[in-house]
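Notes for the structure review
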Amino acid sequence: MMRTRPLKVALLGCGVVGSEVARIMTTHAEDLAARIGAPVELAGVAVRRPGKVREGIDPALITTDPTALVKRGDIDVVVEVIGGIEPARGLITEAFAHGASVVSANKALLAKDGAALHAAAAKYGRDLYYEAAVAGAIPLIRPLRESLAGDKVNRVLGIVNGTTNFILDKMDTTGAGYQEALDEATALGYAEADPTADVEGFDAAAKAAILAGIAFHTRVRLDDVYREGMTEVTSADFASARAMGCTIKLLAICERAADGGSVTARVHPAMLPLSHPLASVREAYNAVFVESEAAGRLMFYGPGAGGSPTASAVLGDLVAVCRNKLGEATGPGESAYTNLPVSAMGEVVTRYHISLDVADKPGVLAQVATVFAEHGVSIDTVRQQSRPDFQDTASDGGEASLVVVTHRAPDAALSGTVEALRGLDTVRGVASIMRVEGE
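So, the side chain of Asp 198
In this structure, Asp 198 sits in helix α10 (residues 196–199). Buried charge without a partner: Asp 198 forms no salt bridge, and the closest opposite charge is Lys 207, 6.5 Å away. Leave out the neighbours within four places in its chain, and Asp 198 touches Asn 161, Thr 163, Thr 164, Asp 203 and Leu 250.

Dropping the structure here:
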């Protein structure tokens, strides 16, 4: 039987995502009520610009005082889609204290202060759900937290930012340079006017922290995630990748150490074999590849951003939280029982692709190989190509491009190798360094 008293929902933020959440709540009210077992009612909408016309929302619900809204005492669920650290953090805490559970899409806040927010939710016996914080419409948090709760996840490898994937895809398929591809992404609305959060990997790093924490049942903060942006990726890098049967993606990689004693989380561009399922993810789509002991390899794919996809994830959480409210229960909270340390990037072991500009004369390859050997980095393949168009009269010789692909080695060993290579007279410059993943 359906309860007649509605569950009251407060919406914090009414931008692209918030307005879509409000629209779906209104147009799908009967379906939502049937799925939940009680009607849901939009009880208030907190905004910064009250004069803006918001189609389909009763102006009487609009308020510029979000604190008063979450403190009302009759709110069952607060949906937070304003983003940022403050005032979102304070509002969520107040919501818990005044009887409301919370659905959030705030990746930055959860990556920074997820442990404290989970603790506050547990203190007051409330739910904290955030499926929309990581990959838009893609169901990912719930499968990791619930469906794989009886399994052991060893690795999560994902494309979790649509803007960067669009840019890299255009560079790969059309031969466009970075700036040209970024300009197209901006014109199409995929990139913000200031794309720093996306192209420098901050957005993906926040998502990696959340994924690692859930996958490995340990606390991983944003500061624990190693991060490199993709602004230095060039057409030459894509040419080298194609020569290896690879493409280039900005990846979020979360791994459990082979001995199970620690975890790592990192975001950086990497060469990925074309045979890997993530290599075929095109345009602004997201995909996450999960490797676990019992289930094996699983892939989650779909639109990772946008008003409607993100609102879909928010509404899914809203239904789950409302059902818990009716059953006077709470869903799964934070699971950090393993308390594993997060290893530094220097301990990560992977393969590398290094492109060097070197003097085109005998003995250079031997010098370079010696440096690799001295630092314990084994070379897999070497490709050298002269550049007849380049002539350095000062050094009495031409220049060549030397590409070295290594076997697996610790990142710290590779860093020491590169530093030593830069000190060789015959090495004119280190053109690029890129990790090779997914093999």
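What about the side chain of Thr 426?
Its place among the elements puts Thr 426 in the loop between α15 (411–422) and β17 (427–436). Judged by relative accessible area, Thr 426 falls into the buried class, the value being 9%. In terms of polar contacts, Thr 426 uses its side chain to reach the side chain of Gln 367, at 2.8 Å. Thr 426 has contacts with Asp 357, Val 358, Ala 359, Lys 361, Val 364 and Gln 367, leaving out every residue within four places of it along the chain.

Re the packing of aromatic side chains
Aromatic ring pairs: the centre-centre distance and the angle between the two ring planes describe each pair. As enumerated under the stated definition, the model contains two aromatic pairs in all. Arranged with centres 4.8 Å apart and planes meeting at 45°, the rings of Phe 166 and Tyr 190 form a pair that is tilted. One end of the pair, Phe 166, is in helix α8 (residues 162–174); the other, Tyr 190, is in the loop between α9 (178–187) and α10, with 24 residues separating them in the sequence. Ring centres of Tyr 285 and Tyr 301 lie 5.2 Å apart, and the angle between their planes is 5°; on these two criteria the pair is classed as stacked. Of this pair, Tyr 285 sits in strand β11 (residues 285–292) while Tyr 301 sits in strand β12 (residues 296–303), and the two are 16 residues apart along the sequence. For Tyr 285, a relative accessible area of 35% gives the class partly exposed. Between the NZ or CZ atom of Arg 145 and the centre of the ring of Tyr 130, over which it lies, the distance is 5.7 Å. Taking NZ or CZ as reference, Arg 227 lies 3.8 Å from the ring centre of Phe 202, over its face.

Things to note about the sheet that holds strand β5 (residues 101–104)
Read across the open sheet, the six strands follow the order β3-β2-β1-β4-β5-β6; overall the sheet is parallel. The sheet terminates laterally at β3 (62–63) and β6 (128–129), the two strands that pair on one side only. Pairing of strand β2 (residues 40–46) with β3, which is carried by two bridges, proceeds in the parallel orientation. The residue of β3 that forms the bridge with Val 45 is Ile 62.

A few points about the environment of Thr 174
Note that Thr 174 resides in helix α8. One polar contact links the side chain of Thr 174 to the main-chain carbonyl oxygen of Lys 170, over a distance of 2.5 Å. Polar side-chain contacts of Thr 174 include one of 3.3 Å to the backbone nitrogen of Ala 176.

Thoughts on the layout of surface pockets
Here the largest pocket defines a volume of roughly 1300 Å³. Together, 45 residues line the largest pocket, and Lys 107, Glu 192, Asp 203, Ala 305 and Gly 306 are the ones closest to its centre. Its residues assigned to classes, the lining of the largest pocket comprises 22 nonpolar, 16 polar and seven charged. If you add up the space inside the second largest pocket, you get close to 600 Å³. Of all the elements, strand β13 (residues 349–360) adds the most residues to the lining of the second largest pocket, at three residues. Along the lines of polarity and charge, the residues of the lining of the second largest pocket split into seven nonpolar, seven polar and 13 charged.

A closer look at α9
Those residues of α9 not exposed but buried are Tyr 178, Ala 181, Leu 182 and Ala 185. Considered in projection along α9, the buried side chains sweep an arc of 100° and stay on one side of the axis. Residues of α9 that are exposed and point over 90 degrees away from its buried face: Glu 180 and Ala 187. Buried residues along α9 sit against α8 and α10. Phi turns positive one or two residues past the end of α9, at Gly 189, with a value near 85°.

A look at the pairing of strand β1 (residues 7–12)
For a regular strand, the rule is simple: side chains alternate between the two faces of the sheet. Across the six residues of β1, five count as buried, placing the element largely inside the fold. Bridge count between β1 and β2: six bridges; the pairing is parallel. Within the sheet, the bridge partner assigned to Leu 11 lies in β2 and is Val 45. Here β1 pairs with strand β4 (residues 77–80) via four bridges, running parallel.

Quick look at the packing of α8 against α9
It is the contact of α8 with α9, at a shortest axis distance of 9 Å, that shows an interaxial angle of 130°. By the angle between their directions, the pair α8 and α9 is classed as oblique. The crossing of α8 and α9 is right-handed. Along its contact with α8, which presents Phe 166, Ile 167, Lys 170 and Met 171, the element α9 presents Tyr 178, Ala 181, Leu 182, Glu 184 and Ala 185. The residue inventory of the contact of α8 with α9, partitioned by class, reads seven nonpolar, no polar and two charged.

Here's the deal with the nonpolar core
Grouped together as the largest cluster of nonpolar side chains are 77 residues, with contacts concentrated most on Val 78, Leu 144, Ile 167, Ile 210 and Leu 211. Looking at this core, the element that brings in the most residues is helix α11 (residues 202–216), giving 11 residues. Residues within four places of Ile 210 in sequence aside, it is in contact with Lys 107, Leu 110, Ala 111, Tyr 130, Ala 133, Val 134 and Ile 141. Grouped together as the second largest cluster of nonpolar side chains are 33 residues, Val 21, Leu 42, Val 103 and Tyr 129 included.

Describing the pattern of salt bridges
Proximity of charged atoms lets side chains of opposite charge pair with each other. By the definition in use, this model includes 24 salt bridges. One salt bridge connects Lys 71 with Glu 94, and the closest N-O pair in it is separated by 4.0 Å. On the criterion of sequence distance, the pair formed by Lys 71 in the loop between α3 (66–70) and β4 and Glu 94 in helix α4 (residues 88–97) is long-range, its members being 23 residues apart. You can call Glu 94 partly exposed: its relative accessible area is 26%. When salt bridges with common partners are traced through the structure, they connect Arg 155, Glu 255, Arg 266, Glu 291 and Glu 437 into a single cluster.

Rules and cut-offs
- Residues numbered from 1 in each chain as written.
- Predicted model: local features only at pLDDT ≥ 70, side-chain atom pairs only at ≥ 80, totals over all residues.
- Heavy atoms only, no water.
- Helix = DSSP H or I, 4+ residues; strand = E, 2+ residues; numbered from the N terminus.
- Buried < 20%, exposed > 50% of the residue type's maximum accessible area, 1.4 Å probe, protein only.
- Lys, Arg positive; Asp, Glu negative; His and termini not counted.
- Salt bridge = Lys/Arg side-chain N within 4 Å of Asp/Glu carboxyl O.
- Contact = heavy atoms within 4.5 Å.
- Polar contact = N/O pair within 3.5 Å; in protein donor to acceptor, adjacent residues only side chain to side chain.
- Phe/Tyr/Trp six-rings, centres within 6.5 Å; stacked < 30°, edge-to-face > 60°.
- Lys NZ or Arg CZ within 6 Å of the ring centre and 35° of its normal.
- Pairing = 2+ DSSP bridges.
- 1 Å grid on protein atoms, 1.4 Å probe; cavity = no way out; pocket = protein on both sides within 12 Å on 5 of 7 lines; lining within 4 Å.
- Points joined across faces, edges and corners; volume = space filled by probe spheres on them.
- Nonpolar A, V, L, I, M, F, W, Y, C, P; charged D, E, K, R; others polar.
- Arc of directions from axis to C-beta.
- Axes fitted to C-alpha atoms, helices over the stretch in contact; angles between N-to-C directions.
- Parallel < 35°, antiparallel > 145°, perpendicular 65-115°, else oblique.
- Left-handed = near helix turned anticlockwise from the far one by under 90°.
- Core = buried A, V, L, I, M, F, W, Y, C linked by side-chain atoms within 4.5 Å.

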